[in-house]
Amino acid sequence: MRIGIDARYLSHNLMGGVHTYLSLLVPALIERARGAEIFLYADNKARFEIDAAALPANVTVRILPYHNALSAFKLDFTLRNAMAADRIDVAHFPANFGFAPPGTRSVITLHDAINIMPLWKILWGHEKTPRAMGLMSYLHFVSTLSVRRADVLITVSEYSKREIMRRSGLPDDHVIAVKYGPAPIFRRIEDQAQLAEVRTRLQVHRPFLLADAIKNPAVIARAWQRLPENLRASHQMLFFSRVVEPPAPVQEMVTAGHAQVLIRPSRSDLVALFNLAEGFLFPSLYEGLGLPPIEAMKCGAPVIASDCGSIPEVVGDAGVIIDAQDDMALATQITRLLQDRAFHQALQQRGFARAEEFSWPKPADRILDAYRYALSLPGKGQPTAAQVTS
């Protein structure tokens, strides 16, 4: 089997869920698919994150030319030419869209249903600048077209599978849910000196709860006002943010002395913070998978999360699930978490067990099964065996 993977997210200095997915998937596939030939397609926008010289002989890296911002759009449609030259059997596009050459089976990882929603719904949920609206329109177009042309769709949760089937009308056997877990770096750290160094360097002076600054921080800010005065005095919120200017509720908490925000902390620092945190709050309004709660559990941080999207499916009974907008419920659970050590320890132990269910390389084996399944299907436009014999 000759496998081609669009790996451009590993040569663009990008962050976020797709980058995490691809950075975990590629090494796991290389480990598990030793009998296959694997071709990784990147470009030279930035340094490729994987050392090509260290890869085994069955793995080939193709670096395609990147000249300017238009190059990315051009490669979206011309990458298949390089795949055709390499005689790829299965082309995997892990970033929601992509186009395989004729005769090659196409596998798309569609992380959630957002890009295939009606365009007006997509635009309604984003800023109304020409750049944002143009990009969202483009992603909607290429994702919708890719879904129609793909032989198999992979997604990251049963919730996302149901949403994709509902939005696209695709049958159950066309969409495969493959959950995945965090990178091995997310783990329990026993070296207290290492944790103390991070706390001191980042100037975190009080016990804290950790949260993502862009995941519905308004409900956290409201809940914080409901906490007992002694807890607000002895603890703080610590937000990590991938954007330079976090949302207003975060900035207001910082100004009031209730919170601290760290802009784009390193992954190693984030692991240490998960280890140091009294708990992790994740009141997100929508997730296709929701990896951060599993990252927190791996590090020993008890999780309080919302009931939106795939989050209840991911967290299971290993965390506390609340209504995403219910600040009173959130305050109640924060208070219990900070005051009831037995409750805290029970959530922590359940979290360790839950996180193991998502560990690699199990997802890579399921994705290899999806490739084999795609190869077993008739190509788009070709008759099935039943149609041939009828």
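To be clear, the structure that these remarks concern was listed above.
Residues numbered from 1 in each chain as written. Predicted model: local features only at pLDDT ≥ 70, side-chain atom pairs only at ≥ 80, totals over all residues. Heavy atoms only, no water.

(A) The pairing of strand β9 (residues 236–241), seen in detail. The buried count for β9 comes to six of six residues, which makes it a mostly enclosed element. What you see with β9 is no split at all: Gln236, Leu238 and Phe240 on one side and Met237, Phe239 and Ser241 on the other are buried throughout. One ladder, built from five bridges, connects strand β8 (residues 208–212) with β9; its direction is parallel. Paired with Ala211 across the bridge in β9 is Phe239. Of the strand pairs in this sheet, β9 and strand β10 (residues 259–263) are connected by five bridges, and their pairing is parallel. For Met237, the partnering residue across the bridge sits in β10 and is Ala259. Handedness of the crossover joining β9 and β10 through helix α9 (residues 248–255): right-handed. (Buried < 20%, exposed > 50% of the residue type's maximum accessible area, 1.4 Å probe, protein only. Helix = DSSP H or I, 4+ residues; strand = E, 2+ residues; numbered from the N terminus. Pairing = 2+ DSSP bridges. Right-handed = clockwise from strand over helix to strand, strands pointing away.)

(B) Fine view of the packing of helix α11 (residues 292–299) against helix α14 (residues 341–356). Orientation of α11 relative to α14, taken along the N-to-C sense of each, is 120°, at an axis distance of 8 Å. Between α11 and α14, the interaxial angle falls into the category oblique. Handedness of the crossing formed by α11 with α14: left-handed. On α14, the residues touching Ile294, Met297, Lys298 and Cys299 of α11 are Gly351, Phe352, Arg354, Ala355 and Glu356. (Axes fitted to C-alpha atoms, helices over the stretch in contact; angles between N-to-C directions. Parallel < 35°, antiparallel > 145°, perpendicular 65-115°, else oblique. Left-handed = near helix turned anticlockwise from the far one by under 90°. Contact = heavy atoms within 4.5 Å.)

(C) Representation of the sheet that holds strand β13 (residues 320–322) in the model. Reading across from one edge, β10-β9-β8-β11-β12-β13 is the order of the six strands in this open sheet, with parallel pairing throughout. Of all the strands in the sheet, the pair left with one neighbour each is β10 and β13. Averaged over all pairs of adjacent strands, the angle between their axes in this sheet comes to 20°, without regard to strand direction. Pairing between strand β11 (residues 279–282) and strand β12 (residues 303–306): three bridges, direction parallel. Directly across from Leu281, in β12, lies its bridge partner Ile304.

(D) Up close: the packing of helix α6 (residues 192–201) against helix α10 (residues 267–276). Where α6 meets α10, the closest approach of the two axes is 10 Å, and the angle between their N-to-C directions is 105°. The angle between the axes of α6 and α10 places the two elements in the roughly perpendicular class. Contact residues: α6 offers Leu195, Val198, Arg199 and Arg201, while α10 offers Asp269, Ala272, Asn275 and Leu276. Split by residue class, the contact of α6 with α10 holds four nonpolar, one polar and three charged. (Nonpolar A, V, L, I, M, F, W, Y, C, P; charged D, E, K, R; others polar.)

(E) Highlighting the pattern of salt bridges. Applying the stated criterion to the full structure yields 19 salt bridges. Taking the shortest distance from any N to any O, the salt bridge between Arg166 and Glu163 comes out at 2.9 Å. Pair noted here: Arg166 and Glu163 are both in helix α5 (residues 158–168), with a separation of three residues, about one helical turn. With relative accessibility at 54%, the residue Arg166 sits in the exposed group. Sharing partners across several salt bridges, the network here consists of Asp6, Arg8 and Asp76. (Salt bridge = Lys/Arg side-chain N within 4 Å of Asp/Glu carboxyl O.)

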